[in-house]
Amino acid sequence: QVRLAEFGGGLAEAGGSLRLSCLASERTSNIAAMGWFRQAPGKEREFVANIMWDGATTNYLDSVKGRFTISRDMYKTTVSLQMNSLRPEDTAIYYCSAAPDIVTLSSGRGSWGQGTQVTVSS
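These lines cover the structure that appears in this document, whether it is placed above or below. (Residues numbered from 1 in each chain as written. Predicted model: local features only at pLDDT ≥ 70, side-chain atom pairs only at ≥ 80, totals over all residues. Heavy atoms only, no water.)

1. A few points about the pairing of strand β8 (residues 78-83)
Most of β8 is tucked away: five of the six residues are buried. Of the pairings in the sheet, the one linking strand β3 (residues 18-24) to β8 comprises six bridges and is antiparallel in character. In the sheet register, Leu-18 faces β8, and the bridge partner there is Met-83. Pairing analysis gives five bridges linking strand β7 (residues 68-72) to β8, with the strands arranged antiparallel. What sits directly across from Arg-72, in β8, is Val-79. Counted between consecutive antiparallel strands, the loop separating β7 from β8 contains five residues, among which Lys-76 sits at a positive phi close to 70°. (Buried < 20%, exposed > 50% of the residue type's maximum accessible area, 1.4 Å probe, protein only. Helix = DSSP H or I, 4+ residues; strand = E, 2+ residues; numbered from the N terminus. Pairing = 2+ DSSP bridges.)

Here it is, written out as structure tokens:
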């Protein structure tokens, strides 16, 4: 099993920025697809962004397009989410996930981190 460790959550003001990072325990085909999900209080978990092994193929939730940027490091074991122009509605627990492919990742059947809290004040 691949273990995922998340870093970077915290408190930000509206309009501010945070950068989340997720480190996988090993370099394997099981992390070919990596991404971020979030869950706000009283709401279902939702997809935020994902990225493929090559670091070029990306997808974003419509409401974060132009504000959030997902990327991978050169060794492909770390995925980051740069979050700019934060809004109070971005407040949620953010979870890192990894899977062999995008479909598996999106289905929620990949590996999961423990989550990191992001709180955006108004």
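Anyway, onward from the coordinates.
2. Topic: the packing of aromatic side chains
Applying the stated criterion to the full structure yields three aromatic pairs. Centroid distance Phe-37 to Phe-47: 6.0 Å. Interplanar angle 75°. Geometry classified as edge-to-face. Placement of the pair is Phe-37 in strand β4 (residues 33-39) and Phe-47 in strand β5 (residues 46-52), with a sequence separation of ten residues. A residue is classified by how much of its surface remains accessible, and Phe-37, at 3% relative accessible area, is buried. Looking at Phe-47, the relative accessible area reads 22%, which means it is partly exposed. Here Tyr-95 and Trp-112 contribute two aromatic rings whose centre-to-centre distance is 6.3 Å and whose plane-to-plane angle is 80°, an arrangement assigned as edge-to-face. (Phe/Tyr/Trp six-rings, centres within 6.5 Å; stacked < 30°, edge-to-face > 60°.)

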